[in-house]
Amino acid sequence: SSEPVKIKGINAKGSYFAGMGYYYDQAGPSDSSIYFLDRANEWGLKYGLESTRAEALNGLGMIYQTGGDNEKAIKALEECRLLFKKLKNESGYAYCQNNIAFIYQSEGKADKALSYFNNSLKIFNKIKEEQGIAYTHINIGYIYRKKGDVKSALEHFQAHQKLVEKNNDITGMASAYNNIGALFKDIQDTAMAKFYYNKSYETSLKGGLVQSMATAILNIGQVMNDAKNYPAALANFRKSLALTIKANEKQLTASNYGNIGNVYLKLNMVDSAEVYYNLAYNTYKELNAAEGLANSIRN
(Lines give C-alpha, C1' and ligand atoms only; values in the text may rest on other atoms or scores of the structure.)
Protein backbone atom coordinates (compact mmCIF):
# COMPACT_ATOMS: atom_id res chain seq x y z
CA SER A 1 0.00 0.00 0.00
CA SER A 2 2.99 2.33 0.40
CA GLU A 3 3.79 2.16 -3.35
CA PRO A 4 0.96 4.52 -4.53
CA VAL A 5 1.89 6.87 -1.65
CA LYS A 6 5.52 6.83 -2.79
CA ILE A 7 4.49 7.56 -6.39
CA LYS A 8 2.27 10.39 -5.15
CA GLY A 9 5.26 11.78 -3.23
CA ILE A 10 7.54 11.58 -6.27
CA ASN A 11 4.95 13.35 -8.44
CA ALA A 12 4.36 15.97 -5.77
CA LYS A 13 8.06 16.72 -5.45
CA GLY A 14 8.37 17.14 -9.23
CA SER A 15 5.40 19.53 -9.21
CA TYR A 16 6.92 21.37 -6.25
CA PHE A 17 10.21 21.98 -8.08
CA ALA A 18 8.42 23.18 -11.22
CA GLY A 19 6.02 25.33 -9.19
CA MET A 20 8.87 27.00 -7.29
CA GLY A 21 10.65 27.68 -10.58
CA TYR A 22 7.58 29.42 -12.00
CA TYR A 23 7.03 31.23 -8.68
CA TYR A 24 10.52 32.75 -8.77
CA ASP A 25 10.16 33.54 -12.46
CA GLN A 26 7.08 35.70 -11.71
CA ALA A 27 9.33 38.01 -9.71
CA GLY A 28 11.63 38.26 -12.71
CA PRO A 29 13.91 35.58 -14.19
CA SER A 30 16.63 34.71 -11.72
CA ASP A 31 19.15 32.04 -10.73
CA SER A 32 16.52 30.70 -8.30
CA SER A 33 13.94 30.09 -11.03
CA ILE A 34 16.56 28.35 -13.22
CA TYR A 35 17.74 26.29 -10.23
CA PHE A 36 14.25 24.96 -9.41
CA LEU A 37 13.27 24.32 -13.04
CA ASP A 38 16.54 22.45 -13.57
CA ARG A 39 15.79 20.35 -10.48
CA ALA A 40 12.27 19.65 -11.82
CA ASN A 41 13.75 18.52 -15.14
CA GLU A 42 16.34 16.27 -13.44
CA TRP A 43 13.71 14.82 -11.08
CA GLY A 44 11.43 14.14 -14.03
CA LEU A 45 14.29 12.46 -15.89
CA LYS A 46 15.11 10.27 -12.87
CA TYR A 47 11.51 9.10 -12.31
CA GLY A 48 10.14 9.25 -15.86
CA LEU A 49 7.77 12.18 -15.15
CA GLU A 50 7.47 13.46 -18.69
CA SER A 51 4.85 16.12 -18.08
CA THR A 52 6.90 17.61 -15.19
CA ARG A 53 9.89 17.74 -17.55
CA ALA A 54 7.88 19.35 -20.36
CA GLU A 55 6.60 22.03 -17.98
CA ALA A 56 10.11 22.67 -16.61
CA LEU A 57 11.72 22.86 -20.06
CA ASN A 58 9.06 25.28 -21.30
CA GLY A 59 9.78 27.55 -18.33
CA LEU A 60 13.55 27.27 -18.83
CA GLY A 61 13.21 28.08 -22.52
CA MET A 62 11.30 31.27 -21.77
CA ILE A 63 13.81 32.34 -19.07
CA TYR A 64 16.80 31.73 -21.38
CA GLN A 65 15.08 33.73 -24.10
CA THR A 66 14.44 36.66 -21.73
CA GLY A 67 18.11 36.49 -20.76
CA GLY A 68 19.12 36.68 -24.42
CA ASP A 69 20.45 33.11 -24.72
CA ASN A 70 18.35 32.06 -27.71
CA GLU A 71 20.42 28.96 -28.48
CA LYS A 72 19.82 27.48 -25.02
CA ALA A 73 16.17 28.58 -25.18
CA ILE A 74 15.48 26.80 -28.47
CA LYS A 75 17.26 23.64 -27.26
CA ALA A 76 15.04 23.50 -24.12
CA LEU A 77 11.86 24.32 -26.04
CA GLU A 78 12.52 21.76 -28.81
CA GLU A 79 12.96 19.10 -26.10
CA CYS A 80 9.75 20.34 -24.45
CA ARG A 81 7.93 20.07 -27.80
CA LEU A 82 9.03 16.45 -28.29
CA LEU A 83 7.84 15.56 -24.78
CA PHE A 84 4.41 17.13 -25.33
CA LYS A 85 4.16 15.23 -28.63
CA LYS A 86 4.99 11.96 -26.85
CA LEU A 87 2.39 12.78 -24.16
CA LYS A 88 -0.16 13.55 -26.92
CA ASN A 89 -0.72 16.91 -25.19
CA GLU A 90 -1.66 18.97 -28.25
CA SER A 91 -2.29 22.20 -26.36
CA GLY A 92 1.11 22.04 -24.60
CA TYR A 93 2.79 21.15 -27.90
CA ALA A 94 1.26 24.15 -29.71
CA TYR A 95 2.03 26.64 -26.91
CA CYS A 96 5.61 25.38 -26.72
CA GLN A 97 5.90 25.65 -30.50
CA ASN A 98 4.64 29.25 -30.32
CA ASN A 99 7.43 30.06 -27.88
CA ILE A 100 9.98 28.71 -30.37
CA ALA A 101 8.36 30.71 -33.19
CA PHE A 102 8.49 33.83 -31.02
CA ILE A 103 12.30 33.46 -30.71
CA TYR A 104 12.72 33.03 -34.47
CA GLN A 105 10.51 36.09 -34.96
CA SER A 106 12.72 38.15 -32.61
CA GLU A 107 15.80 37.03 -34.59
CA GLY A 108 14.22 38.24 -37.83
CA LYS A 109 13.77 34.67 -39.18
CA ALA A 110 10.25 35.49 -40.34
CA ASP A 111 9.61 32.47 -42.59
CA LYS A 112 10.78 29.97 -39.99
CA ALA A 113 8.61 31.68 -37.34
CA LEU A 114 5.62 31.65 -39.73
CA SER A 115 5.82 27.92 -40.35
CA TYR A 116 5.85 27.25 -36.59
CA PHE A 117 2.97 29.66 -35.91
CA ASN A 118 0.88 28.25 -38.79
CA ASN A 119 1.39 24.74 -37.48
CA SER A 120 0.29 25.84 -33.99
CA LEU A 121 -2.75 27.60 -35.42
CA LYS A 122 -3.87 24.34 -37.08
CA ILE A 123 -3.60 22.50 -33.76
CA PHE A 124 -5.37 25.24 -31.77
CA ASN A 125 -8.21 25.28 -34.32
CA LYS A 126 -8.48 21.49 -34.17
CA ILE A 127 -8.76 21.42 -30.35
CA LYS A 128 -10.79 24.68 -30.27
CA GLU A 129 -8.32 26.40 -27.90
CA GLU A 130 -9.55 29.97 -28.39
CA GLN A 131 -6.89 31.76 -26.37
CA GLY A 132 -4.20 30.00 -28.40
CA ILE A 133 -5.99 30.79 -31.68
CA ALA A 134 -6.26 34.49 -30.79
CA TYR A 135 -2.64 34.79 -29.63
CA THR A 136 -1.31 33.00 -32.73
CA HIS A 137 -3.34 35.17 -35.14
CA ILE A 138 -1.76 38.31 -33.60
CA ASN A 139 1.75 36.94 -34.01
CA ILE A 140 1.17 35.89 -37.62
CA GLY A 141 -0.36 39.32 -38.26
CA TYR A 142 2.75 41.03 -36.84
CA ILE A 143 5.02 39.06 -39.18
CA TYR A 144 2.95 39.93 -42.25
CA ARG A 145 2.84 43.58 -41.17
CA LYS A 146 6.64 43.64 -40.93
CA LYS A 147 6.88 42.02 -44.36
CA GLY A 148 4.62 44.80 -45.71
CA ASP A 149 1.87 42.29 -46.65
CA VAL A 150 -1.04 44.45 -45.47
CA LYS A 151 -3.77 42.16 -46.85
CA SER A 152 -2.54 39.05 -44.98
CA ALA A 153 -1.82 41.03 -41.81
CA LEU A 154 -5.34 42.49 -41.86
CA GLU A 155 -6.87 39.00 -42.29
CA HIS A 156 -5.11 37.74 -39.16
CA PHE A 157 -5.74 40.87 -37.10
CA GLN A 158 -9.43 40.70 -38.02
CA ALA A 159 -9.59 36.99 -37.11
CA HIS A 160 -8.18 37.96 -33.70
CA GLN A 161 -10.68 40.84 -33.48
CA LYS A 162 -13.64 38.51 -34.14
CA LEU A 163 -12.59 36.15 -31.37
CA VAL A 164 -12.07 38.79 -28.69
CA GLU A 165 -15.33 40.51 -29.61
CA LYS A 166 -17.15 37.18 -29.39
CA ASN A 167 -15.78 36.65 -25.86
CA ASN A 168 -16.23 40.33 -24.90
CA ASP A 169 -12.55 40.44 -23.92
CA ILE A 170 -12.07 44.20 -23.36
CA THR A 171 -8.25 44.08 -23.13
CA GLY A 172 -8.09 41.93 -26.27
CA MET A 173 -10.47 44.24 -28.13
CA ALA A 174 -8.46 47.36 -27.25
CA SER A 175 -5.33 45.61 -28.52
CA ALA A 176 -7.07 44.33 -31.69
CA TYR A 177 -8.31 47.79 -32.72
CA ASN A 178 -4.86 49.23 -31.98
CA ASN A 179 -3.18 46.65 -34.24
CA ILE A 180 -5.59 47.34 -37.10
CA GLY A 181 -5.14 51.10 -36.61
CA ALA A 182 -1.35 50.66 -36.89
CA LEU A 183 -1.80 48.79 -40.15
CA PHE A 184 -3.82 51.65 -41.66
CA LYS A 185 -1.25 54.14 -40.33
CA ASP A 186 1.45 52.17 -42.22
CA ILE A 187 -0.39 52.73 -45.52
CA GLN A 188 -1.18 56.36 -44.60
CA ASP A 189 -4.94 55.85 -44.50
CA THR A 190 -5.47 58.60 -41.92
CA ALA A 191 -9.24 58.25 -41.64
CA MET A 192 -9.22 54.48 -41.01
CA ALA A 193 -6.22 54.66 -38.67
CA LYS A 194 -7.97 57.34 -36.61
CA PHE A 195 -11.22 55.34 -36.64
CA TYR A 196 -9.57 52.22 -35.17
CA TYR A 197 -7.41 54.11 -32.68
CA ASN A 198 -10.56 55.87 -31.46
CA LYS A 199 -12.28 52.49 -31.11
CA SER A 200 -9.30 51.30 -29.08
CA TYR A 201 -9.53 54.39 -26.87
CA GLU A 202 -13.30 54.03 -26.28
CA THR A 203 -12.94 50.32 -25.46
CA SER A 204 -10.07 51.03 -23.06
CA LEU A 205 -12.08 53.80 -21.42
CA LYS A 206 -14.99 51.38 -20.90
CA GLY A 207 -12.64 48.89 -19.23
CA GLY A 208 -10.69 51.51 -17.28
CA LEU A 209 -7.46 50.44 -19.01
CA VAL A 210 -5.33 53.55 -18.51
CA GLN A 211 -2.24 52.34 -20.34
CA SER A 212 -4.30 51.31 -23.39
CA MET A 213 -6.13 54.64 -23.33
CA ALA A 214 -2.85 56.54 -23.25
CA THR A 215 -1.39 54.40 -26.07
CA ALA A 216 -4.45 54.92 -28.29
CA ILE A 217 -4.38 58.72 -27.82
CA LEU A 218 -0.61 58.80 -28.42
CA ASN A 219 -1.22 56.88 -31.68
CA ILE A 220 -3.95 59.33 -32.75
CA GLY A 221 -1.42 62.11 -32.06
CA GLN A 222 1.08 60.43 -34.38
CA VAL A 223 -1.55 60.09 -37.13
CA MET A 224 -2.36 63.81 -36.78
CA ASN A 225 1.36 64.62 -36.80
CA ASP A 226 1.85 62.64 -40.04
CA ALA A 227 -1.11 64.52 -41.53
CA LYS A 228 0.66 67.80 -40.51
CA ASN A 229 -2.27 68.75 -38.27
CA TYR A 230 0.07 69.99 -35.52
CA PRO A 231 -2.49 71.57 -33.14
CA ALA A 232 -4.47 68.27 -33.05
CA ALA A 233 -1.23 66.28 -32.65
CA LEU A 234 -0.18 68.44 -29.68
CA ALA A 235 -3.60 68.19 -28.04
CA ASN A 236 -3.51 64.37 -28.24
CA PHE A 237 0.08 64.05 -27.02
CA ARG A 238 -0.74 66.29 -24.03
CA LYS A 239 -3.88 64.31 -23.22
CA SER A 240 -1.88 61.07 -23.39
CA LEU A 241 0.89 62.62 -21.26
CA ALA A 242 -1.55 63.54 -18.49
CA LEU A 243 -2.70 59.89 -18.37
CA THR A 244 0.80 58.39 -18.45
CA ILE A 245 2.07 60.66 -15.66
CA LYS A 246 -0.97 59.79 -13.53
CA ALA A 247 -0.46 56.05 -14.15
CA ASN A 248 3.33 56.35 -13.65
CA GLU A 249 3.88 54.77 -17.10
CA LYS A 250 7.40 56.09 -17.61
CA GLN A 251 8.11 54.54 -21.02
CA LEU A 252 4.97 56.10 -22.53
CA THR A 253 5.61 59.35 -20.66
CA ALA A 254 9.05 59.60 -22.26
CA SER A 255 7.51 58.87 -25.71
CA ASN A 256 5.00 61.67 -25.18
CA TYR A 257 7.71 64.14 -24.16
CA GLY A 258 9.67 63.28 -27.30
CA ASN A 259 6.58 63.56 -29.53
CA ILE A 260 5.65 66.96 -28.07
CA GLY A 261 9.24 68.10 -28.64
CA ASN A 262 9.02 66.96 -32.28
CA VAL A 263 5.84 68.98 -32.87
CA TYR A 264 7.35 72.12 -31.31
CA LEU A 265 10.42 71.72 -33.51
CA LYS A 266 8.21 71.50 -36.61
CA LEU A 267 6.43 74.66 -35.44
CA ASN A 268 9.87 76.29 -35.12
CA MET A 269 9.37 76.79 -31.34
CA VAL A 270 12.92 75.70 -30.55
CA ASP A 271 12.98 76.63 -26.84
CA SER A 272 9.82 74.63 -26.13
CA ALA A 273 11.16 71.70 -28.15
CA GLU A 274 14.36 71.72 -26.09
CA VAL A 275 12.42 71.69 -22.81
CA TYR A 276 10.49 68.56 -23.87
CA TYR A 277 13.54 66.80 -25.33
CA ASN A 278 15.27 67.33 -21.98
CA LEU A 279 12.27 65.88 -20.15
CA ALA A 280 12.35 62.86 -22.48
CA TYR A 281 16.10 62.49 -21.95
CA ASN A 282 15.77 62.52 -18.15
CA THR A 283 12.94 59.99 -18.19
CA TYR A 284 14.82 57.61 -20.50
CA LYS A 285 17.86 58.00 -18.22
CA GLU A 286 15.73 56.90 -15.24
CA LEU A 287 14.59 53.89 -17.28
CA ASN A 288 18.11 53.15 -18.48
CA ALA A 289 16.66 52.89 -22.01
CA ALA A 290 19.54 53.18 -24.49
CA GLU A 291 17.49 53.67 -27.66
CA GLY A 292 15.33 56.41 -26.12
CA LEU A 293 18.40 58.14 -24.73
CA ALA A 294 20.13 58.05 -28.13
CA ASN A 295 17.05 59.56 -29.82
CA SER A 296 16.81 62.30 -27.20
CA ILE A 297 20.50 63.21 -27.56
CA ARG A 298 20.14 63.29 -31.36
CA ASN A 299 17.07 65.55 -31.02
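Here is what the cut-offs are and how they apply
Residues numbered from 1 in each chain as written. Predicted model: local features only at pLDDT ≥ 70, side-chain atom pairs only at ≥ 80, totals over all residues. Heavy atoms only, no water. Helix = DSSP H or I, 4+ residues; strand = E, 2+ residues; numbered from the N terminus. Buried < 20%, exposed > 50% of the residue type's maximum accessible area, 1.4 Å probe, protein only. Phe/Tyr/Trp six-rings, centres within 6.5 Å; stacked < 30°, edge-to-face > 60°. Polar contact = N/O pair within 3.5 Å; in protein donor to acceptor, adjacent residues only side chain to side chain. Contact = heavy atoms within 4.5 Å.

**What about the environment of K246?**
Residue position: K246 is located in helix α12 (residues 230-246). The class of K246 is exposed, set by a relative accessible area of 75%. Separated by 36 residues in the primary sequence, K246 and V210 have C-alpha atoms spaced 9.1 Å apart.

**Here's the deal with the packing of aromatic side chains**
Following the criterion strictly, the structure yields 10 aromatic pairs and no others. Considering the side-chain rings of W43 and Y47, the 4.8 Å spacing of their centres and the 55 degrees angle between planes classify their relative orientation as tilted. With W43 and Y47 both in helix α2 (residues 31-47), this residue pair falls 4 residues apart, about one helical turn. A ring pair is formed by Y177 and Y196, whose centres lie 6.5 Å apart and whose planes are at 40 degrees; its orientation type is tilted.

**Re the side chain of S120**
Looking at where S120 falls in the secondary structure, it is placed in helix α6 (residues 110-127). Within the structure, the side chain of S120 is placed 3.1 Å from the backbone oxygen of A94, a separation counted as a polar contact. If we ignore the near neighbours within four places in the chain, the residues touching S120 are A94, Q97, N98 and T136.

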